[in-house]
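This is what each chain is made of:
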Amino acid sequence: MSKTFYITTPIYYVNARPHIGHAYTTIACDTIARRQRMMGFDTYFLTGTDEHGQKIERAAQAAGKTPQQLTNEVSAEFRGLWDRMELTYDDFIRTTSDRHKLGVQALWCRIRDNGYIYKGHYTGQYCVFDELYVDAVGPGAPCPECGRTTETVREENYFFKLSAFQDKLLELYNAQTDFIRPETRRNEVMSFVRSGLRDLSVSRSTLSWGIPVPDDPKHVIYVWWDALANYITALGYGSEDTAKYNKYWPADVQMIGKEIVRFHCVYWPAFLMAAGLPLPHKIMAHGWLLFEENKMSKSRGNIVRTETILDGLGADALRYFLLREVVFGQDGSFSFDALVQRYNADLANGLGNLASRTLTMITRYFKGEVPYPSRAATRTTSDGAMVETAGRTIAEFNTLFDQCQFSRALEVAWNLVGAVDKYIVESQPWALGEKEDDESRSRLATILYTSAEALRIVTALAHPVIPEATAKIWGQLGLGDIRKFPLSALQWGQLKLGTKLGEVLPVFPRADKSTIESMQKMEEQGRRTTLAVEEEKEDKKVATAASPTATSATKPATTEPDGKISIEDFAKVELRVGQVKVAEKVKGADKLLRLEVDLGTEVRQVVAGIAEAYAPETLVGRKVVIVVNLVPRKLRGLESNGMIVAASPEGGKPVLASFLEDVPVGTRLK
Ligand code: MSP
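Rules and cut-offs
- Residues numbered from 1 in each chain as written.
- Predicted model: local features only at pLDDT ≥ 70, side-chain atom pairs only at ≥ 80, totals over all residues.
- Heavy atoms only, no water.
- Helix = DSSP H or I, 4+ residues; strand = E, 2+ residues; numbered from the N terminus.
- Buried < 20%, exposed > 50% of the residue type's maximum accessible area, 1.4 Å probe, protein only.
- Contact = heavy atoms within 4.5 Å.
- Areas by Shrake-Rupley, 256 points an atom, 1.4 Å probe, with all protein chains shown as cover.
- Lys, Arg positive; Asp, Glu negative; His and termini not counted.
- Charge placed at Lys NZ, Arg CZ, Asp CG, Glu CD.
- Salt bridge = Lys/Arg side-chain N within 4 Å of Asp/Glu carboxyl O.
- Near = heavy atom within 4 Å.
- Polar contact = N/O pair within 3.5 Å; in protein donor to acceptor, adjacent residues only side chain to side chain.
- Nonpolar A, V, L, I, M, F, W, Y, C, P; charged D, E, K, R; others polar.

1. Quick look at the overall build of the protein chain
- Helix and strand counts for the protein chain stand at 22 helices and 27 strands.
- Here the C-alpha coordinates of the protein chain stretch approximately 95 × 65 × 40 Å along the principal axes.
- Looking at the protein chain as a whole, 55% of its 670 residues are labelled buried.
- Taking all contacts inside the protein chain whose residues are at least 6 apart in sequence as the whole, residues at least 24 apart take part in 74%.
- A total accessible area of about 28,100 Å² is found for the protein chain, and carbon and sulfur atoms account for 51% of it.
- Where the 82 positive side-chain charges of the protein chain centre and where its 84 negative ones centre are 0 Å apart.

Listed below in structure tokens is the structure:
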């Protein structure tokens, strides 16, 4: 029986449409899963959607839908996108499915019966964005995790005895040193746990969009408990058919983004320990994908849609870029320019060019059959050097890849591409191609065999990363289905004499400036149409600097333990007096006005959600307060470069901040 390998992505919230941040995690897992299959493992790859909780309930309300409608739609979008990209997940779990609900309740009963759940009262702050009970003091206090306003919750709740697991968790981190990867995350978690664990509230009674607590349906189970359990419910935990659970659990790698480390490295193993179930082998946290310096996220409005890149350059280009450009574990930036540059340099001019020149020459000079380097006398040291480089590449690539150092692994593989290119240029096969004598033919055969063999090796190694193009190159090499190739046996010399090549076609057409422009245009259009729901929600935030949620577009300020900020933090916000020059309604958006505001040194366009409170003509000439150093964002396709400050009475219309005395335009508020 072959060895099993189980890998999971986080399950994605359905309050946001999929973007390349989500694709990043899923692609990384898909790549690992593909490789493990080629290595002979019986591999199971799970992904899915996280569909309960307050966040989803509110997103549905804002979109005028029922939670189930919203979750059905967005979950299908995630799945549809993964299918379009031909990601090889084996199962897609939805937390609103019956099989999941059963499993979550079974886990609850087991932990309750083991004595780790009790009823108590919770009074404190809850961050809806993070779906997290936080140590923040007082109504409206900012969340220590994300800086957003928390809500006060007073409820009778069930609690999980997390405090009972502090020592056991520390023992786990010490005994299983690669339980949390990379090391920086392990250190963070260890110091969090060492600082003391309090029991965790694991039910909500003020929310109905969740899974009922067994025997007490007034309560629903805490959304993170519900979500984390997916990793076992998808395998049939709690059902009658536990064959998959028995076969694949515990997971080999659970991949997550760095912001959800605490849930996966503290709560999740504690739940499993409480249930007496085996723990996963490794939680691997990667960094964030940044766009224009900030984490790509719906709330920042700076996302890039995966579809744009699929339409522009295809899935392989995105996969290669993300794994080559971003050092896994660290944050990395995305830009269309960088994507196209990488694509051209490494794929079109690199691997694509190597494949087409090598295979075209074999077709031309050897009637499309792989020639064999027959005469030892015609071999040179450069041929031997290629063999050695290729062998070293296989070994180094394997080591780096298995440590999830994708970027370095690919660098090593592409060094081999560079080495073969150099070898071809120096050996000048085209000059030999015109000659008929035995020696020239034999030398030519050696050069082309060596090149094709090195090409085959890079293609096999790169297949999990760029599956589509490598499958084509493999076919052109006359080797059949690349997925069936036993990667663990890869070595020099497996390309057989006389192998008949397939039709040689280019795999990576070159991209140019127009590719970048067309992707940027698609992005514009895509944002305008598919994100309309989200913008609707964002519109509400725009007018209200008084509401702390409006600051969510910026990096959260560092907070002192009591929720106060330092004067330095306040000084980071640049507030200036501006004068409205132009004000007009935004087509198709009832709440938005487009303003042009004179700041003394420049005129800025600001889009503000104040249309219900102010007629545009009453604003022209009025002096207002503008936050001038906010990251620009798009609303209804219009760039808003600053935010107008207003008071936001609960349930009322926004009221613009203004002055009793006259103040010169451009004056800074401090
Ligand atoms: N639903 C929870 C996870 C529950 S798992 C039991 C959640 N969902 S999420 O939709 O917010 O997705 C989080 C995951 O998406 C991150 O952990 C990360 O894997 C991926 N990413 C979302 N945005 C990302 C970036 N900008 N960059 C990199 N990864 C990103 O949290």
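Let us keep going from here.
2. Regarding the pattern of salt bridges
- Summed over all chains, the structure comprises 39 salt bridges.
- Aspartate 421 is the salt-bridge partner of arginine 357, the closest N and O atoms lying 3.0 Å from each other. In this pair, arginine 357 sits in helix α13 (residues 336-366) while aspartate 421 sits in helix α15 (residues 406-427), placing the two residues 64 residues apart along the sequence.
- Judged by its relative accessible area of 18%, aspartate 421 falls in the buried class.

3. Quick look at helix α12 (residues 315-325)
- The buried count for α12 comes to 10 of 11 residues, which makes it a mostly enclosed element.
- Listed in full, the buried residues belonging to α12 are Ala315, Asp316, Ala317, Leu318, Arg319, Tyr320, Phe321, Leu322, Leu323 and Arg324.

4. Some details on the site of the ligand
- Around the ligand, 25 residues are found, and the nearest of them are Ile11, Thr25, Asp50, Glu259 and Leu289.
- Isoleucine 11 places a polar main-chain atom, nitrogen or oxygen, 2.8 Å from a nitrogen atom of the ligand.
- One of the side-chain nitrogen or oxygen atoms of aspartate 50 is found 2.7 Å away from a nitrogen atom of the ligand.
- Look at the ligand: alone it shows 660 Å² of surface, and the protein chains cover 94% of it.
- It is helix α1 (residues 20-38) that contributes the most residues to the shell around the ligand, 4 residues altogether.
- Broken down by class, the residue content of the shell around the ligand amounts to 13 nonpolar, 9 polar and 3 charged.

5. Here's the deal with the environment of proline 616
- Along the chain, proline 616 falls in helix α22 (residues 616-619).
- For proline 616, a relative accessible area of 13% puts it in the buried group.
- For proline 616 and arginine 112, which are 504 residues apart along the polypeptide, the C-alpha to C-alpha distance reads 59 Å.
- Apart from the residues within four sequence positions on either side, proline 616 is in contact with Ala583, Glu584, Lys585 and Leu593.

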